Amino acid sequence: MQRMFKFMTYLAVAIVGTAFACTGITIKTAKNELIQARTVEYGDGYLNSELVITPRGQHFQSLTPAGKTGLKWTNKYGYVGISMMYPMFIGEGMNEKGLSAGIFYFPHSGSLANFNAKTADNSLSDIEFVKWALGNFSTVDEVKAALKQVQIVSLEMPTGHWRIADKQGNNVVLEIVDGGKVHFYDNKVGVLTNAPDYPWHIKNLNNYINLYAGNATNYQDNGEQIFSFGAGTGMLGLPGDITPPSRFVRAFFYLKTLRTPADAQSATLNAFHILNNFDIPIGLEYSAANKDRIAKGLLSATQWTSVSDLSNGLFYYKTMYQSKINKVDLNAINFATVKPQNIAFDTKETFNNIQVQ
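Residues numbered from 1 in each chain as written. Predicted model: local features only at pLDDT ≥ 70, side-chain atom pairs only at ≥ 80, totals over all residues. Heavy atoms only, no water.

**Student:** Describe in detail the side chain of N171, supporting the description with residues and values.
**Tutor:** For N171, the position within the fold is in strand β12 (residues 171-177). A polar contact of 3.3 Å, which involves the side chain of N171, links it to the side chain of Q36. In contact with N171, other than residues within four places in its own chain, are T26, Q36, R163, I164, A165, Y185, D186, N187 and G190. (Helix = DSSP H or I, 4+ residues; strand = E, 2+ residues; numbered from the N terminus. Polar contact = N/O pair within 3.5 Å; in protein donor to acceptor, adjacent residues only side chain to side chain. Contact = heavy atoms within 4.5 Å.)

**Student:** Report on empty space enclosed by the protein, specifying residues and quantitative values.
**Tutor:** Per the stated rule, a full pass over the model turns up two cavities of 30 Å³ or more. One number sums up the size of the second largest cavity: a volume of about 40 Å³. Taken together, Y46, S49, Q303, W304, T319, M320, Y321, F345 and D346 make up the lining of the second largest cavity. Here the residues of the lining of the second largest cavity are counted per class, giving five nonpolar, three polar and one charged. (1 Å grid on protein atoms, 1.4 Å probe; cavity = no way out; pocket = protein on both sides within 12 Å on 5 of 7 lines; lining within 4 Å. Points joined across faces, edges and corners; volume = space filled by probe spheres on them. Nonpolar A, V, L, I, M, F, W, Y, C, P; charged D, E, K, R; others polar.)

**Student:** Let's hear about the side chain of S300: which residues, and what values?
**Tutor:** Structurally, the position occupied by S300 is in the loop between α6 (264-276) and β17 (302-309). S300 sits in the buried class, given a relative accessible area of 12%. A polar contact is formed between the side chain of S300 and the backbone oxygen of I280, at a distance of 3.2 Å. Polar contacts involving the side chain of S300 include one to the main-chain amide nitrogen of T302, which spans 2.9 Å. (Buried < 20%, exposed > 50% of the residue type's maximum accessible area, 1.4 Å probe, protein only.)

**Student:** Tell me what's going on with helix α3 (residues 140-147), and back it up with residues and numbers.
**Tutor:** All buried positions along α3 are accounted for by V140, V143, A146 and L147. When α3 is viewed along its axis, its buried side chains cluster within an angular range of 130 degrees and face the same direction. Tucked inside the fold, the buried residues of α3 contact α2 (129-136), β10 (151-153), β11 (160-165), β12 and β13 (181-186). (Arc of directions from axis to C-beta.)

The following block contains the structure:
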């Protein structure tokens, strides 16, 4: 346990120096099916992420700054998720009832209540919120109600904010600020990145009201023809950098201009294509003077991308080492009898050889 807390403290320092930059999007199909997708970036080292299969009936007790003394629970539902750093810390996942949850880094904005040893029994670490939600609830409303009896605390590192959605179509952002004030926001635009807070990002969209799909209109000025060099001039000025505000704006317009997918499979493929635009090359995060700090073997700051099909119980992911899409069908898993599993990601790039005859 002491070793883990030392690691968490190290991670907190490391995160401040680089980026834990995540981009999340929501897509609804013509059939009103709901797709939640996201990237996970970390540029200071390998996250040791694994695919985690967790059955019903598993017993947990949350960590707190005082050790393993926090909230206890027994999973009501089984779930599939992707871990970060340790198998016990789930970054993104979906349960058998179609509830999805994920944590997004939220520096300088998130502010949790101080841990109180007298109320440790009701304390839940921020990094364990996702697995608590997935293991216990089937709807967003259930999560909201239960959170009134729980205090989320930090394990000595910058905290996150969360995206929670269910197959009924509810989709919210949870942010805790000002020393423990809980806010839920309906995620009407279907986008989440990092700091600042969600209302700030929505206001910031007003700065880009001039952007639209297609081309600007050609015109003449005193006999001189003014025309578009190529496609997309209606989006001239769309921010292309990797800061959270710019990624939020970019994701918003990619979704806004997306033709509504006919079905969940089409939406899933669209989600991966959109999120390909948010892959962060590892060298972009480091100045020339710090290039030697790039972790050996780290191909990209974007270490994995996932898509959750809430309506059909399908979970997809790909990694920085493998661009092929992996699929997990939750309907094919008996969460009453399946054993807990941690399935390691590929750790090297491989290529399929095409045999030409």
